[in-house]
Amino acid sequence: MYDPVQLRTFLTVAQTLSFTQAAGRLGVRQSTVSQHVRRLEEAAGRPLFARDTHSVALTEDGEALLGFARTILEAHERAAAFFTGTRLRGRLRFGASEDFVLTRLPEILEGFRHEHPEVDLELSVELSGVLHERLDEGRLDLVLAKRRGPGDERGRLVWRDRMVWIGAEGLRLDPERPVPLIVFPPPGITRARALEVLERDGRPWRIACTSGSLSGLVAAARAGLGVMAHTRGLIPPGLVRVGGLPELGPVEFALLLGDRPTPAAEALAAAVLAGGDRLSRPA
């Protein structure tokens, strides 16, 4: 009833919220993506996406199908691995952005470890800018991180969202005083974006808190020390959007492989892509 190829297409559209981007990631025509989604909707008997010329969004039935689609695809992958007799081995150095600390990424990694117990997985959690540098230096095999900005098309797109300003509920910014910022240290991509948009808007700012860990930034924000730039879909509990500041724009998260990708790195990349919708919501 549910074709795995169509389910994989469905998951890719759900993660990118774009038929065009899904087609690019899958290496097929956009008409093929539309056809796969249409046939899946016919099989389900319900619309899975609400779409117009400007936007794509999951319907309630589409949200419900996400879990079923992952389960079906994971079962297919386990069966294929069992009957082909392929066993991955070796060391895999994986770097993940701080953004994913509070998401369901651990579930994806746990599933990968279960399927490939002979792979020695080494996880590094760092700023996206640091991860890009380490990948370029050959110190990591696979990276899940923010793209550096507009025009950066490296890697495989996992998820697109927008960045927003967040802070403690009830926080009020005095328009006559510099904006108090809670930021990662350089070379944080989020930090650079925040400073860039404020300076472009002519808004004075000051650094109220700097921390290399997301938990440290969140604690400072909950204490009301200032505002921080953050991905809209991953706003931590206890924090809310703050208005009155310039728009921060879109953000894209991508998977980047090293120059010589190993089978283990390719396998983990496939697992992250298959479960990418889990990354777009807090655990």
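Conventions we followed
- Each chain carries its own residue numbering, running from 1 in the written order of its sequence.
- Local features in this predicted model are restricted to residues of pLDDT 70 or higher, and side-chain atom pairs are both shown and tallied only at a pLDDT of 80 or more, whereas totals for entire chains, interfaces and linings draw on every residue.
- Hydrogens and water are ignored here; the side-chain numbers use all heavy atoms of the structure.
- The term nonpolar core refers to a set of buried residues drawn from Ala, Val, Leu, Ile, Met, Phe, Trp, Tyr and Cys, joined through side-chain atoms within 4.5 Å.
- For every residue, the accessible area (1.4 Å probe, protein chains only) is compared with the maximum for its type, and the residue is labelled buried under 20%, exposed over 50%, or partly exposed between those bounds.
- Only runs of H or I of at least four residues qualify as helices and only runs of E of at least two qualify as strands under DSSP, and these elements are numbered from the N terminus.
- We call two residues in contact whenever any of their non-hydrogen atoms come within 4.5 Å of each other.
- For two strands to be treated as a pair, DSSP must find no fewer than two bridges joining them.
- Looking down the strands as they point away from you, a crossover is right-handed if its path from the first strand over the helix to the second goes clockwise.
- Here the term cavity refers to a set of points on a 1 Å grid, laid over the protein atoms alone, in which a 1.4 Å probe fits but cannot get out; the term pocket refers to an open set having protein on both sides within 12 Å along at least five of seven lines, with lining residues being those that place an atom within 4 Å of a point.
- Grid points are joined across faces, edges and corners, and a volume is the space filled by probe spheres set on the points.
- Side-chain classes are defined by residue name, with Ala, Val, Leu, Ile, Met, Phe, Trp, Tyr, Cys and Pro counting as nonpolar, Asp, Glu, Lys and Arg as charged, and the others, Gly among them, as polar.

Caption draft 1: Layout of the nonpolar core. Membership of the largest hydrophobic core comes to 40 residues, with the highest contact counts inside it found for Leu 105, Leu 144 and Trp 165. Listed by contribution, the elements that provide at least two residues to this core are β3 (90-97), α5 (105-115), β5 (142-146), β6 (156-168), β7 (179-183), α7 (189-201), β11 (250-257) and α9 (263-274). By residue number, the principal contributor to this core is α9, which donates six residues. Apart from the residues lying within four places of it in its own chain, the contact partners of Leu 105 are Phe 94, Ala 96, Phe 100, Leu 144 and Leu 279. Grouped together as the second largest cluster of nonpolar side chains are 18 residues, Ala 14, Ala 22, Val 37 and Phe 49 included.

Caption draft 2: Representation of the pairing of strand β4 (residues 119-126) in the model. Examined bridge by bridge, β3 and β4 share eight bridges and lie parallel to one another. Its bridge partner lying in β4, Leu 92 is registered against Leu 121. In this fold, β3 hands off to α5, which returns the chain to β4; that crossover is right-handed.

Caption draft 3: Representation of the layout of surface pockets. Each pocket or cavity is described by its volume, and for the second largest pocket that value is around 380 Å³. Mapped by element, the contributors of at least two residues to the lining of the second largest pocket are α7 and β11. It is α7 that provides the largest number of residues to the lining of the second largest pocket, a total of six residues. Here the residues of the lining of the second largest pocket sort into seven nonpolar, four polar and 10 charged.

Caption draft 4: Empty space enclosed by the protein, seen in detail. Summed over the entire model, instances satisfying the criterion amount to three cavities of 30 Å³ or more. Reported here for the largest cavity is a volume of approximately 60 Å³. Taken together, Ser 97, Glu 98, Asp 99, Leu 127, Ser 128, Lys 146, Phe 184, Gly 188, Ile 189 and Thr 190 make up the lining of the largest cavity. Here the lining of the largest cavity is composed, by residue class, of three nonpolar, four polar and three charged.

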